[in-house]
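# Reading the structure
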Amino acid sequence: MGPVRGFKKRRKIDKKVEPNAASASSGQPGKDDWWGEFSKRINGHFRPSKTLDNFESVFKVSRKTFNYVFSLVQEDMTSKPANFTFANGTPLSLHEQAAIALRRLSSGESLLNIGEKFGLNHSTVSQVTWRFVEAMEERGLHHLQWPKTEAEMTQIKTKFERIRGLPNCCGAIDTTHVAMCLPLAEPTSDMWLDQEKNHTMVLQAIVDPDMRFQDIVAGWPGKMDDASILRSSNFFSLCEKGKRLNGKKMEISKEFIIREYIIGDSGFPLLPWLITPFPGKELSDSSMEFNKRHFATRMVAQRALARLKEMWRIIQGVMWRPDKNKLPRIILVCCLLHNIVIDLEDEVQDELPLTHQHDPGYRQQVCESVDKTASDMRERLSLYLSGRLPP
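This section reports on the structure supplied with the text. (Residues numbered from 1 in each chain as written. Predicted model: local features only at pLDDT ≥ 70, side-chain atom pairs only at ≥ 80, totals over all residues. Heavy atoms only, no water.)

### Structural notes on the overall build of the protein
Secondary structure assignment for the protein yields 13 helices and 8 strands. Taken over 391 residues, the protein has a buried fraction of 54%. Expressed as a percentage of contacts within the protein between residues at least 6 apart in sequence, the contacts between residues at least 24 apart total 74%. Per element, the accessible surface of the protein, about 18600 Å² overall, is 48% carbon and sulfur. (Helix = DSSP H or I, 4+ residues; strand = E, 2+ residues; numbered from the N terminus. Buried < 20%, exposed > 50% of the residue type's maximum accessible area, 1.4 Å probe, protein only. Contact = heavy atoms within 4.5 Å. Areas by Shrake-Rupley, 256 points an atom, 1.4 Å probe, with all protein chains shown as cover.)

### Section: the nonpolar core
Counting residues in hydrophobic clusters, the biggest one holds 105 residues, and the most contacted among them are Phe-59, Phe-132, Met-136, Phe-213, Trp-273 and Trp-312. The element that contributes the greatest number of residues to this core is helix H12 (residues 327–343), accounting for 12 residues. Apart from the residues within four sequence positions on either side, Phe-132 is in contact with Val-69, Val-73, Met-77, Ala-98, Ala-101, Leu-102, Leu-105, Val-333 and Leu-337. Membership of the second largest hydrophobic core comes to 5 residues, among which are Val-202, Val-217, Met-224 and Ile-229. (Core = buried A, V, L, I, M, F, W, Y, C linked by side-chain atoms within 4.5 Å.)

### Considerations on the environment of Lys-223
Its place among the elements puts Lys-223 in the loop between strand S3 (213–221) and helix H9 (226–231). According to the relative accessible area criterion, Lys-223 is exposed, its value standing at 60%. In the structure, Lys-223 is positioned 23 residues away from Thr-200 in sequence and 8.2 Å away in space, judged by C-alpha atoms. Beyond its immediate stretch of four places on either side in the chain, Lys-223 contacts Asp-190, Met-191, Trp-192, Leu-193 and Asp-194.

### What about the pattern of salt bridges?
A side chain of one charge can pair with a side chain of the opposite charge when the charged atoms of the two come close. Counted according to the given criterion, the structure contains 18 salt bridges. A salt bridge links Arg-103 to Glu-109; the nearest nitrogen and oxygen atoms lie 3.3 Å apart. Arg-103 gets classed as buried once you look at its relative accessible area, which sits at 9%. A residue is classified by how much of its surface remains accessible, and Glu-109, at 16% relative accessible area, is buried. Close ionic contact of Lys-309 with Asp-359 constitutes a salt bridge, the shortest N to O distance being 3.4 Å. (Salt bridge = Lys/Arg side-chain N within 4 Å of Asp/Glu carboxyl O.)

### What to know about the packing of aromatic side chains
Taken as a whole, this structure holds 16 aromatic pairs when the rule is applied. Ring centres of Trp-35 and Phe-59 lie 5.8 Å apart, and the angle between their planes is 65°; on these two criteria the pair is classed as edge-to-face. Taken as a pair, Trp-35 in helix H2 (residues 34–41) and Phe-59 in helix H3 (residues 54–59) lie far apart in primary sequence, 24 residues in all. Of the two residues, Trp-35 and Phe-59, both sit in the buried class. Between the aromatic rings of Phe-278 and Phe-290, the centroid separation amounts to 5.5 Å while the plane-to-plane angle is 80°, which identifies the pairing as edge-to-face. Taken as a pair, Phe-278 in the loop between strand S7 (274–275) and helix H11 (285–311) and Phe-290 in helix H11 lie far apart in primary sequence, 12 residues in all. Each member of the pair, Phe-278 together with Phe-290, is buried. Grouping aromatic residues by their ring pairs yields a cluster made of Trp-34, Trp-35, Phe-38, Phe-55, Phe-59, Phe-66 and Phe-118. Geometry around Phe-55 places Arg-63 over its ring, the cationic atom sitting 4.6 Å from the centre. The ring centre of Phe-278 lies 4.5 Å from the NZ or CZ of Arg-378, which sits over that ring. (Phe/Tyr/Trp six-rings, centres within 6.5 Å; stacked < 30°, edge-to-face > 60°. Lys NZ or Arg CZ within 6 Å of the ring centre and 35° of its normal.)

### Quick word on unusual backbone geometry
Non-glycine residue Lys-60 carries a positive phi angle of around 65°. Inspection of the secondary structure assignment puts Lys-60 in the loop between H3 and helix H4 (63–78). Judged by its relative accessible area of 15%, Lys-60 falls in the buried class. Here the phi dihedral of Met-211 falls at roughly 70°; this positive angle occurs in a residue that is not glycine. The residue Met-211 is located in the loop between strand S2 (200–207) and S3 in this model. Relative accessible area serves as the criterion here: at 14%, Met-211 is assigned to the buried category.

### What about the environment of Arg-303?
Here Arg-303 is to be found in helix H11. Residues Arg-303 and Thr-355, spaced 52 residues apart in sequence, show a C-alpha to C-alpha distance of 5.7 Å. Each residue touching Arg-303, except ones within four places of it in the same chain, is listed here: Met-211, Leu-354, Thr-355 and His-356.

### Some thoughts on helix H7 (residues 122–139)
Taking 1.5 Å per residue, 18 residues should reach 26 Å; H7 reaches 26 Å between its end C-alpha atoms and fits that length. In terms of burial, H7 is a largely internal element, 14 of the 18 residues being buried. (Expected span 1.5 Å × (residues − 1).)

### Observations concerning the packing of H11 against H12
Interaxial distance between H11 and H12 falls to 10 Å at its minimum, and their mutual angle equals 105°. By the angle between their axes, H11 is roughly perpendicular relative to H12. Counting all contacts with H11, which are made through Ala-304, Arg-307, Leu-308 and Met-311, the residues of H12 involved are Cys-334, Cys-335, His-338 and Val-341. Of the residues belonging to the contact of H11 with H12, the class tally is 6 nonpolar, 1 polar and 1 charged. (Axes fitted to C-alpha atoms, helices over the stretch in contact; angles between N-to-C directions. Parallel < 35°, antiparallel > 145°, perpendicular 65-115°, else oblique. Nonpolar A, V, L, I, M, F, W, Y, C, P; charged D, E, K, R; others polar.)

### Let's talk about the state of the cysteines
One pass over the full model with this rule turns up 0 disulfides. With no disulfide of its own, Cys-170 lies 6.5 Å from the sulfur of Cys-169, the closest cysteine sulfur. (Disulfide = S-S within 2.5 Å.)

Everything listed here is a matter of coordinates, which is why it stays silent on function.
Shown next, in the form of structure tokens:
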């Protein structure tokens, strides 16, 4: 995972809770089911969907996923005692605190709206959500990491090649903007102004073929373009030093051996480990065919970012004067939850629309930086995919 600006490194956590742990596997309410009493408080505020039950409609995750997420954050949230109460003075249980935080992240509703629906002061909603975010940072990071073994990477390469034939591809990179409403008098507001004149924070993500995030960078201002953010990332540094995307090569022909690489759109530089499409309109048949396959393959990154924003709507709309040190950490936790939903094969995600529109209204950026070695590699790849590369 790439750096998250504003995230302070904490002590190393060795303990991991696997998705099949007993505390996460049960989807059935127990004797002391908190949901039964909790649901009475919100009766009338939510309309269950035709395909989801009331619990899933409120939180956008199944009971099984909720239980697993709770098992991750329970210890850390317990270690920080707090006397949170509903407006009527009834104490909030840890389950209820996690539930309120998940609702805030998944709905994107204001603190006031969440407070009104759950019978809470808006400051309580804010504090409970932040405690949850801190606990997820501490306990959930193992759900977002670069593949550690050759077997894991081989599986990713195989799945990418099955999409449209790109061999030895290890990921797809893209960026998305998180909109913010900032006061005009803020001295640094101009640096957050992006190419479309919106105040935004940028998330860069590298995605696997199952739409899981493998590496993210969150926190850079909207004024920076995609190429600049990439070059400022730890991922770029690791690749340039040969410490990432330096695994098993693939022999395409007697004279062409292809290294590991990721793919991205024309907003990124063409590098030996990052392949972008051919520029221009007057292209050869093999170049046009390559671009079609390239586009279809990198669509997984666009869909992942669209799914992220659709499921965790706190980063979909315009955030009102957010704390710019805390927002990158909120984005990180939304990415962790996105991966957990995939890892646990939560069927609730199947009810969401599958779209690739995550930054509507944004024009395509163009980076003209071209590496000669990468250009030769792209040309040979295009010939290989069109069946014109000599054996």
